[in-house]
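Working through the structure, step by step
So the chains spell out like this:
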Amino acid sequence: MAEYDFKKVEKKWLDFWEKEKIYKFKPGKKVYSIDMPPPTLSGKMHVGHSFSYSQQDFIARFYRMFNGNVFYPFGTDDNGLPTERLVEKLKNVKSKEMSRTDFIELCLKTLKEIRPGFAQDWKNLGISCDYDIYYSTIDDNSRRISQKHFLDLLKGGLAYKKDFPTIWCPECQTSIAQAELEDKELPSQFSTIKFKVGKEDLLIATTRPELLQACVAVFANPKDKRYKKVIGKSAIVPLFGHSVPIMTDDSASIDKGTGAMMVCSYGDKYDVEAIEKHKLTPKIIFNKDGTISVGDYRGMKIKAARNAVLADMEEKGLVKNKKEIKHAVNVHDKCGTEVEFLPTSQWFIKILDKKDIWIEQGKKIKWHPEFMLKRYENWVNGLEWDWNISRERHFGVPIPVWECKKCKEIIAADDGELPVDPLKKKKKCPKCNSDCTPEEKVLDTWATSSLTPQIINSLVGNKLRFPLSVRQQAHEIIRTWTFYTVVRSYLHEGKLPWENAMISGFVTLEGEKMSKSKGNVIDPREVMGKYGSDALRFAAASSKLGEDTDYQEKDIVTGKKFINKLLNASRFVFMNLKDYNGKKPKKLEKIDEMFLEELEIFVENVTRAFLEYEYFKAKYEVENLFWKTFCDNYLEIVKKRVYNGKGDKKISAQYTLYRSLFIILKLIAPIMPFITEEIYQEHFRKFEKDKSIHVSSWPEIDKGKAKIIDVYLFENVVELLSMIRQEKTNAKKAMNAECILTIPKADLEKIKEIEGDIRDVVNAKKINTGKFNVEFV
C-alpha cells in the first residue's frame, strides 16, 4: 500500500480549490460573514497564528457546508510602526531621514514584493478565504474609508485636537494610546532625598530623581498630621535649588514612602492630573527622543541622567537612604520602552463620556467563551483618557486636515479628495484666505483597523448587513481591536459590529510564552513540512477558545495517526463496494438501521458543538465516532456480511458503509480539509454531484426518525462485544478464536434480529442463555 504523500496531496488540492474557485463568495440573502484579523505583513506566521486562524477556519468551513454561503475575505495589516521597522531593516534606511512621500512609496513597493509569499503560508494551512476579495489596511480603499470616518467624527464634534500631556514613547518618538500600554516589572532604586523647608529637612522618597528639576510642587495628605506645620510654605528642591509650594492633596498616600510626594511635569498620569487640577506651571525637561533638554544634564538619556543625578546628590549628602526594589512600570507594547508624558498637540476621539454605552454594547455580543466579556468590561471601567488617535510617524493614514495658523480654523478635506496626503496638497483658509499648514501626523493604526467591518463590506459594494456574524481574535487585544471596533461601529452605524466574538488564547511551550529571545519558538511551517497541515489543524482543534494551550508534538502525531486510519478505513470500505450500485435496499438489516440511528446522535452533537463555537467538542465527538463506533465495532460487525453476504443483506451493509463513511468525512472536513477532499474525490465524487466536499451540504438530522430504544440497543451491543473481547484477551486467545457464548435470556431476546451479526463478529459457534460466559472450543 502506497504511503500517504501529504505534500503532493496538499498541493494538488490547493491548486484545485484555487482553480475551481471553491471558496468564492456569492452574495445572497443568507450570508455568514467573518471579520478576519488581517495578519501583520511585517511578521512571519507563528504557531499561535496557525492555531487561532485554524480555529476560525473550522467555523468558516462548517458554515459553508451548513449555511451555504460564507463571506471570508483575506486582508493584511500593513499600516504603522511594524511595517516601518521592517522596511527600514530590509532596505537599510531610516524613515526620519527620508521625506514622508519617498518613504511611503518605498513601503508600498516593499509590501507589494513580499505580499504573495506571505499569503501563501495561510493558503498552505488550508485557510479557506476568498483570496480574490483582498484588502490591505494601507491601500487606497482602506485609507479612503479611514479618512472619511475620521472626518465624519470631526464634523459631529466627536473628534477633536488638543494640546495636552500625552503618553509618549521616546523610542518610537510618537504619542500612543492607553490601550497600547503594558505593565512590566523592572528593577529600580527607591531613594529618600532631602528637600529643605527653612533649615529643616523634608524627606521625600522617589524612584525618579532625574525629574527633580521638573518638580513644581510637594503634596501631603490633608489628614497627615506630620506635615501640618509646613503646609502653605515652600520647599527647596535638592541639587537644583528652586522653590516649590507645599500643598495638601488626597492623592498623597500617608503610608507610601515618607508620606510626602513631589509633583513633576511629568512623571505619570497622576502628575498630569495634579498639575491640571492645581493650575501649576509645568517645567518640561525631556526632548521627544528621551534626552534631557535643560541644565547640566542636557543631552543625557533619561536613565543615564537618573544615575548621574543620584550620584551627584549622594556626593553632596542629599540622600538619606536608598534601597533596591522591583516595581511595575508602563511600557509601550510595540517596543517595551518605558513611556513618558509630554505636552504635544494631538487628536482624540471622545470615548470617556460613553462608558455605560460601551458596556451595554459589549453585553449584546455573544462572547466565546463567555468569561471574556469580563475582560472587556474591566478595560472599559478602567478607561481614564479619551482615545488618542494621532501618531508622529511617516508611514500611516494621513490625518486629512489643514490648519490656518492665523485664525486657527481647521479645514477638512472634501470627500472627493480622499484618500489625500495633506503634505502634497495646498489649501487656503476659507475665512481669511491665508495659506494653511498641512497636518503632518498620521492616524493610529487602530483608528483604521477598528473599521475592518466597514472596509470588508466595501469590498462587496456594502451589501452586507450589520452586525456581521463573527470576529475571531486573540484575548490580549480585547482592549484595542475589540473595544475600538465596538466604539466605531456604534458611532458610525449605531449597531454592533458583529453578533459573536470568538476569542483565542496563547500557545505556550512547556508553560512559557514563546519568544525568539528564549529560543523556544515553534515554526508552524516546519511542522507542516514534517507532518502536514491536517495534522497541525487537528492539534489546533484540541485547544479550547480563550485558554492558553501548551504545544505538544504528540497532538500532531495523533492527528497523523487519524489521517492514516481514515485512509485505511476508506480503502477497506470501497474495496468492498466495487459491485455496489449506490442504491438503498428495500429493507435495512436491523444492525445497520441501529448504527445509522447512532450516527444521527453524533451528527446532532457535532452540529451543536460547531454552532456553539466549540470545535474541540466537535473533534472529540468525531474521534469517538470514527475510532470506537465505526472502526472498532461497526466495521467488525458487518465485515463477514460484506465479504460473503448476498442480496439485500449485503446491499444493506454496503449502503450503510457508504453513507456512514461519507457522513464521518463531512463531520471532520472543517478540521481536516486536505485528507477529506482526497478521499471524497477518489471514492465519492463519481456518485455525488458536488465539485468539492467543502461545498457539499452538511449532514442533516432527521429528528422525526430517531428511535432512542434502537440507539440504546446498539450501545448495549457495543458493550457486549467489548466484554467478549476482554474475555478473549484474558484467555490470551485471538479475537477470531471460535467460542460458545452464553448471555442472559433477556439480552438474547433483545438481539434476536441481529444474532447472526453478533455470531459472525465474535466467531461464536452458538449462543446459549444463562449467566454471561465465554467458552472456547
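Before any of the text, the structure's been laid out above.
Keep in mind that this is a model prediction, so the values were computed, not measured.

What counts and how
Residues numbered from 1 in each chain as written. Predicted model: local features only at pLDDT ≥ 70, side-chain atom pairs only at ≥ 80, totals over all residues. Heavy atoms only, no water. Buried < 20%, exposed > 50% of the residue type's maximum accessible area, 1.4 Å probe, protein only. Helix = DSSP H or I, 4+ residues; strand = E, 2+ residues; numbered from the N terminus. Pairing = 2+ DSSP bridges. Phe/Tyr/Trp six-rings, centres within 6.5 Å; stacked < 30°, edge-to-face > 60°. Lys NZ or Arg CZ within 6 Å of the ring centre and 35° of its normal. Salt bridge = Lys/Arg side-chain N within 4 Å of Asp/Glu carboxyl O. Axes fitted to C-alpha atoms, helices over the stretch in contact; angles between N-to-C directions. 1 Å grid on protein atoms, 1.4 Å probe; cavity = no way out; pocket = protein on both sides within 12 Å on 5 of 7 lines; lining within 4 Å. Points joined across faces, edges and corners; volume = space filled by probe spheres on them. Nonpolar A, V, L, I, M, F, W, Y, C, P; charged D, E, K, R; others polar.

**Considerations on the pairing of strand S28 (residues 739–743)**
- Within S28, 5 of the 5 residues are buried, which leaves it mostly tucked inside the rest of the structure.
- A two-sided burial pattern is seen for S28, the buried positions comprising Cys739, Leu741 and Ile743 on one face and Ile740 and Thr742 on the other.
- By the bridge criterion, 5 bridges tie S28 to strand S29 (residues 764–769) in an arrangement that is parallel. From the neighbouring strand, Ile743 faces S29, where its bridge partner is Thr769.
- With 4 bridges connecting them, S28 and strand S30 (residues 773–776) associate as antiparallel partners. Note on S30: the bridge partner recorded for Cys739 is Phe776.

**Focus on the packing of aromatic side chains**
- Under the counting rule described, the total for this entry stands at 46 aromatic pairs.
- Judged by centre distance (4.8 Å) and plane angle (35 degrees), the rings of Phe118 and Trp122 are tilted. Note that Phe118 and Trp122 are positioned in helix H4 (residues 100–124) at a spacing of 4 residues, about one turn of the helix. The pair Phe118 / Trp122 is uniform in exposure class, with both members buried.
- When the ring centre of Tyr131 is taken as reference, the NZ or CZ atom of Lys123 above it lies at 5.0 Å.
- One Lys or Arg, Lys639, reaches over the ring of Phe572 and ends 5.8 Å from the middle of that ring.

**Description of the pattern of salt bridges**
- Applying the stated rule across the entire model yields 52 salt bridges.
- The salt bridge involving Glu84 is made with Arg393; its shortest N-O contact spans 4.0 Å. One end of the pair, Glu84, is in helix H3 (residues 81–91); the other, Arg393, is in the loop between strand S17 (390–391) and strand S18 (397–398), with 309 residues separating them in the sequence. The burial state of Glu84 is the same as that of Arg393; both residues are buried.
- Two residues, Glu439 and Lys161, come together in a salt bridge whose shortest N-O distance is 3.3 Å. Here Glu439, found in the loop between strand S21 (437–438) and strand S22 (442–443), pairs with Lys161, found in strand S5 (residues 159–169); they are 278 residues apart in sequence, far enough to count as distant.
- You can call Lys161 partly exposed: its relative accessible area is 28%.

**Re the sheet that holds S28**
- Strand order in this open sheet of 3 strands is S29-S28-S30, and the pairing throughout is mixed. Two strands lie at the open edges of the sheet, namely S29 and S30, each paired on one side alone. Averaged over all pairs of adjacent strands, the angle between their axes in this sheet comes to 20 degrees, without regard to strand direction.

**Here's the deal with the pairing of strand S7 (residues 181–197)**
- For S7 and strand S13 (residues 319–332), the ladder comprises 13 bridges, and the chain directions are antiparallel. Looking at the pairing, Asp183 lines up with Asn330 of S13.
- Examined bridge by bridge, S7 and strand S8 (residues 200–206) share 7 bridges and lie antiparallel to one another. Each bridged residue has a counterpart across the sheet, and for Ile193 the counterpart in S8 is Ile204.
- Counting the residues between successive antiparallel strands, the hairpin from S7 to S8 contains 2 residues, one of them, Gly198, with a positive phi of roughly 65 degrees.

**Overview of the layout of surface pockets**
- Its boundaries defined by the atoms lining it, the second largest pocket holds a volume of some 1,500 Å³.
- As for the second largest pocket, its lining consists of 49 residues, of which Thr207, Arg208, Lys256, Asp268 and His327 are closest to the centre.
- Elements with a contribution of two residues or more to the lining of the second largest pocket: S7, S8, strand S12 (261–264), helix H6 (269–277), helix H7 (302–315), S13 and strand S14 (340–349).
- Broken down by element, the residue count for the lining of the second largest pocket peaks at 9 residues, all from S7.
- Along the lines of polarity and charge, the residues of the lining of the second largest pocket split into 21 nonpolar, 15 polar and 13 charged.

**Focus: empty space enclosed by the protein**
- Scanning all chains against the criterion turns up 4 cavities of 30 Å³ or more.
- Its boundaries defined by the atoms lining it, the largest cavity holds a volume of some 130 Å³.
- Every residue lining the largest cavity is counted, 19 residues in all, and those nearest its centre are Ala177, Gln178, Trp385, Asp386 and Asn388.
- The greatest single-element share of the lining of the largest cavity, amounting to 4 residues, is contributed by S5.
- Taken together, the residues that form the lining of the largest cavity break down as 15 nonpolar, 3 polar and 1 charged.
- Taken as a whole, the second largest cavity holds about 50 Å³ of empty space.
- Lining of the second largest cavity is provided by Gly48, Phe51, Ser52, Gln55, Ser504, Gly505, Phe506, Val507, Ser543, Lys544, Glu547 and Thr549.
- Per element, the largest residue contribution to the lining of the second largest cavity is 4 residues, and it comes from helix H2 (residues 47–66).
- Split into classes, the residues belonging to the lining of the second largest cavity amount to 3 nonpolar, 7 polar and 2 charged.

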